[in-house]
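Given next are the chains, with one letter for each unit.
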Amino acid sequence: LRRLGEKAGSYDIRLILLNQHEDATNRIRTIEDMKRAMEWADGVNVEVGVDTASVYEAGETLKEWLEAFGSRLTYVNLSNSKFDGGRYYWGDGYLNLRDILEALEEGAYAGAISCHYMIRDYLSKPWAADESSARMISWILEEGGGEHGE
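Residues numbered from 1 in each chain as written. Predicted model: local features only at pLDDT ≥ 70, side-chain atom pairs only at ≥ 80, totals over all residues. Heavy atoms only, no water.

1. A few points about the pattern of salt bridges
Within the structure shown, the criterion is met by eight salt bridges. With a closest N to O distance of 3.1 Å, D92 and K82 form a salt bridge. One end of the pair, D92, is in the loop between strand 3 (73-78) and helix 5 (97-106); the other, K82, is in the loop between strand 3 and helix 5, and ten residues separate them in sequence. Given the relative accessible area of 29%, K82 is considered partly exposed. Its salt-bridge partner being R98, residue E102 comes within 3.2 Å of it at the nearest N-O pair. Of the two residues, E102 and R98 are both situated in helix 5; the distance of four residues between them amounts to about one turn of the helix. According to the relative accessible area criterion, E102 is partly exposed, its value standing at 31%. The structure contains a network of salt bridges with shared partners spanning D51, E57 and R87. (Salt bridge = Lys/Arg side-chain N within 4 Å of Asp/Glu carboxyl O. Helix = DSSP H or I, 4+ residues; strand = E, 2+ residues; numbered from the N terminus. Buried < 20%, exposed > 50% of the residue type's maximum accessible area, 1.4 Å probe, protein only.)

Printed below as a string of structure tokens:
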């Protein structure tokens with residue numbers, strides 16, 4: 001990992017390690033797993049990324065990740081979950097988007113954000129997942145949303 005970070009740095013490329021749910025990996029699921037990986041990287045051009053559904057599936061919170069990694073956390077993948085290993089769009093899962101966005105704001109997060117969905121049913125109309133997520137995120141950011149952001 002350290003050598004990859006050095007090589008990427010020579011090309012001005014950032015490496016970002018992302019946590020995943022247990023069905024996808026046994027390497028980086030928790031804060032402690034990511035801390036170990038960052039030790040292996042030895043501070044060389046390797047940053048922390050976080051998948052929100054994986055955070056909560058591991059029994060942790062986004063706030064804990066923000067506190068643990070601070071400015072090394074440079075990428076957040078906003079994904080929703082039904083705690084079955086799937087990645088759902090916002091409006092089709094159990095996580096509280098408003099709480100997640102508030103945690104990012106309170107943690108003064110300034111990195112990149114994306115949305116990612118991995119459900120076979122979405123393939124017939126992939127734009128519908130994007131549109132729903134965009135509506136939910138916009139609604140919460142612009143209007144404050146409801147108690148649960150939904």
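So, next bit.
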